[in-house]
Amino acid sequence: MVADTLTELSQRNEAFWIGLGLLFAGALVSSFAQISNPPVGEVLGILGVTVLAVRLLVGLYEILRTSAKAGRTGYQEGKRDN
């Protein structure tokens, strides 16, 4: 179980760094190559923002899912004690 958790955590961290790298690469490419067709810098930037947004949404989903599960467990334990 610990190995599964560490693997998931490293994959989430990798997605963050990939998204951040794409965002910065897009900014750098845009500043050096003003005219390009298609605008490579903008495409990289949009891709980076998309990866970061998906990563954020997945993180929020995991937090809410864990909170809901803990709330249900606590509620069930509270009902058993009464």
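Small disclaimer: the values here were computed from a predicted structure and weren't measured.

Trainee: Help me out: how do you make sense of the overall build of the chain in this one?
Mentor: Looking only at helices and strands, the chain features two helices and zero strands. Counting every position in the chain, which comprises 82 residues, the buried fraction comes to 10%. Roughly 6,700 Å² of accessible area belongs to the chain as shown, and the carbon and sulfur atoms make up 68% of that amount.

Trainee: Help me out: how do you make sense of the UniProt feature "transmembrane region" (unreviewed entry) in the chain in this one?
Mentor: Using the residue numbers shown here, the UniProt feature "transmembrane region" (unreviewed entry) corresponds to residues 15–37 and 43–64. Structurally, residues 43–64 is divided into 100% helix and 0% strand, and its ends, taken at the C-alpha atoms, are 31 Å apart.

Trainee: I keep staring at the packing of aromatic side chains and nothing clicks. Help me out?
Mentor: A ring pair, where both rings are aromatic, is described by two values, the distance of the centres and the angle of the planes. One pass over the full model with this rule turns up one aromatic pair. Judged by centre distance (5.1 Å) and plane angle (75 degrees), the rings of Phe16 and Trp17 are edge-to-face. A residue is classified by how much of its surface remains accessible, and Phe16, at 34% relative accessible area, is partly exposed.

Trainee: Mind showing me how you'd approach a nonpolar patch on the surface here?
Mentor: On the surface, Leu56, Leu57, Leu60 and Ile63 cluster together into a nonpolar patch covering about 410 Å² of accessible area. Since its relative accessible area comes to 56%, Leu57 is described here as exposed.

Trainee: Would you mind showing me how to read the environment of Val54 here?
Mentor: As for its placement among the helices and strands, Val54 is situated in helix α2 (residues 40–81). Spatially, the C-alpha atom of Val54 lies 9.5 Å from that of Phe16, the residues being 38 residues apart in sequence.

Trainee: Mind showing me how you'd approach the pattern of salt bridges here?
Mentor: Once their charged atoms are close, side chains differing in charge can pair, the charge on each being opposite to the other. For the structure on display, the rule yields one salt bridge. For the salt bridge of Glu62 with Arg65, the shortest nitrogen-to-oxygen distance reads 2.7 Å. Of the two residues, Glu62 and Arg65 are both situated in helix α2; the distance of three residues between them amounts to about one turn of the helix. On the basis of relative accessible area, Glu62 is assigned to the partly exposed category, the value being 23%.

Rules used throughout
- The written sequence of each chain sets the order in which its residues are numbered from 1.
- For this predicted model, a pLDDT threshold of at least 70 governs which residues receive local features, and a threshold of 80 or more governs which side-chain atom pairs are given and counted, while totals over whole chains, interfaces and linings are taken from all residues.
- The basis for every side-chain value is the complete set of heavy atoms in the structure, and neither hydrogens nor water enter the calculation.
- Secondary structure follows DSSP: runs of H or I at least 4 residues long count as helices, runs of E at least 2 residues long count as strands, and numbering of each begins at the N terminus.
- Categorising residues by exposure relies on relative accessible area from a 1.4 Å probe, with only protein chains included: less than 20% of the type maximum marks a residue as buried, more than 50% marks it as exposed, and the intermediate range marks it as partly exposed.
- The method behind every accessible area is Shrake-Rupley, applied with a 1.4 Å probe, and residues are considered shielded solely by the protein chains displayed.
- UniProt positions are given in the numbering used here, feature names are shortened, and annotations may be inferred rather than shown by experiment.
- The aromatic pairing rule takes the rings of Phe, Tyr and Trp, using the six-membered ring of Trp, and pairs them if the centres are within 6.5 Å, calling planes under 30 degrees apart stacked, those over 60 edge-to-face and the rest tilted.
- Exposure above 30% relative accessible area and no salt bridge define the residues that can form patches, which grow by joining like charges within 9 Å and nonpolar side chains of Val, Leu, Ile, Met, Phe, Trp and Tyr within 5 Å.
- A pairing counts as a salt bridge when a side-chain nitrogen of Lys or Arg comes within 4 Å of a carboxyl oxygen of Asp or Glu.

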